[in-house]
Amino acid sequence: MNNNVSVKNSIVIPDHELEITTSRSGGPGGQHVNKTNSRITVRWSVKNTNILNEEQKERVLQKLHTRLTNEGDLIIHNSSSRSQLKNKELALAQLVQEIRKALHVPKKRTATRISKSIKEARLQTKTHRSMIKQIRSKKIHYD
């Protein structure tokens, strides 16, 4: 079965780079949980992959450093469903999401300058509001 995982347009993780294992799920489920291996673990080595260039590898290693093992492997577990196939799909989708998020390069912020007329208008509004509040707060004395 072909397990190639498409991350982005030009980035596809070949199935030989993914290590997919099954194990018994924990948690509730009655006797069914004790006899089926429905938990899926997906392991992908970021350091040894051939699909990312050095810049992309460095970005992924930096962004996902808390999720990686000492060897540079990203491990995703999924046991949310009773179906092994569904858990596999969810684990691979989570892997793709993590990699996409790590590869995202934020746009550089371009500095903008507020025009003099807009600053002046803002200050005029502040002055006007201040005067209104001063007028309201004056006490009227009756002699």
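Residues numbered from 1 in each chain as written. Predicted model: local features only at pLDDT ≥ 70, side-chain atom pairs only at ≥ 80, totals over all residues. Heavy atoms only, no water.

A.B. asks: Please give an account of the sheet that holds strand β4 (residues 39–45) that cites residues and values.
C.D. replies: Pairing is antiparallel in the open sheet, where three strands are placed in the order β3-β4-β5. Only two strands of the sheet have a single partner each, and these edge strands are β3 (18–23) and β5 (73–78). Averaged over all adjacent pairs, the angle separating strand axes in this sheet is 20 degrees, with direction ignored. Across six bridges, the pairing between β4 and β5 is antiparallel. Within β5, the position partnered with Ser45 by the bridge is Asp73. (Pairing = 2+ DSSP bridges. Helix = DSSP H or I, 4+ residues; strand = E, 2+ residues; numbered from the N terminus. Axes fitted to C-alpha atoms, helices over the stretch in contact; angles between N-to-C directions.)

A.B. asks: Any details on the pattern of salt bridges? Residues and values, ideally.
C.D. replies: Two side chains with opposite charge may pair up if their charged atoms get near one another. Summed over all chains, the structure comprises three salt bridges. Note that Arg43 is salt-bridged to Asp73, the shortest N-O span being 2.9 Å. One end of the pair, Arg43, is in strand β4; the other, Asp73, is in strand β5, with 30 residues separating them in the sequence. Residue classification places Asp73 among the buried positions, given a relative accessible area of 11%. One salt bridge connects Glu98 with Arg67, and the closest N-O pair in it is separated by 2.9 Å. Remark: Arg67 occurs in the loop between α1 (54–63) and β5 and Glu98 occurs in helix α2 (residues 84–103); sequence separation between them is 31 residues. Assessed through its relative accessible area of 31%, Arg67 is described here as partly exposed. (Salt bridge = Lys/Arg side-chain N within 4 Å of Asp/Glu carboxyl O. Buried < 20%, exposed > 50% of the residue type's maximum accessible area, 1.4 Å probe, protein only.)

A.B. asks: Can you tell me about the confidence of the model for the protein, naming the residues and giving the values?
C.D. replies: Close inspection of predicted coordinates is inappropriate in any region flagged by low pLDDT. Confidence along the protein averages 86 in pLDDT terms, with 92% of residues attaining 70 or more. At the level of individual helices and strands, the protein shows its lowest average pLDDT in strand β1 (residues 5–6), which scores 76, and its highest in helix α3 (residues 116–137), which scores 93. (pLDDT = per-residue confidence, 0-100.)

A.B. asks: Could you give me a rundown of α2, with the residues and numbers involved?
C.D. replies: Between its terminal C-alpha atoms α2 stretches 29 Å, which fits the 28 Å expected from 20 residues at 1.5 Å a residue. All of the buried residues along α2 are Asn87, Lys88, Ala91, Leu92, Leu95, Val96, Glu98, Ile99, Ala102 and Leu103. Looking at the buried positions of α2, the neighbouring elements they touch are β1, β2 (12–13), β3, β4, α1 and β5. One side-chain oxygen at the N-terminal end of α2 lies 3.4 Å from the backbone nitrogen of Leu85; it belongs to Ser83. (Expected span 1.5 Å × (residues − 1). Contact = heavy atoms within 4.5 Å. Polar contact = N/O pair within 3.5 Å; in protein donor to acceptor, adjacent residues only side chain to side chain.)

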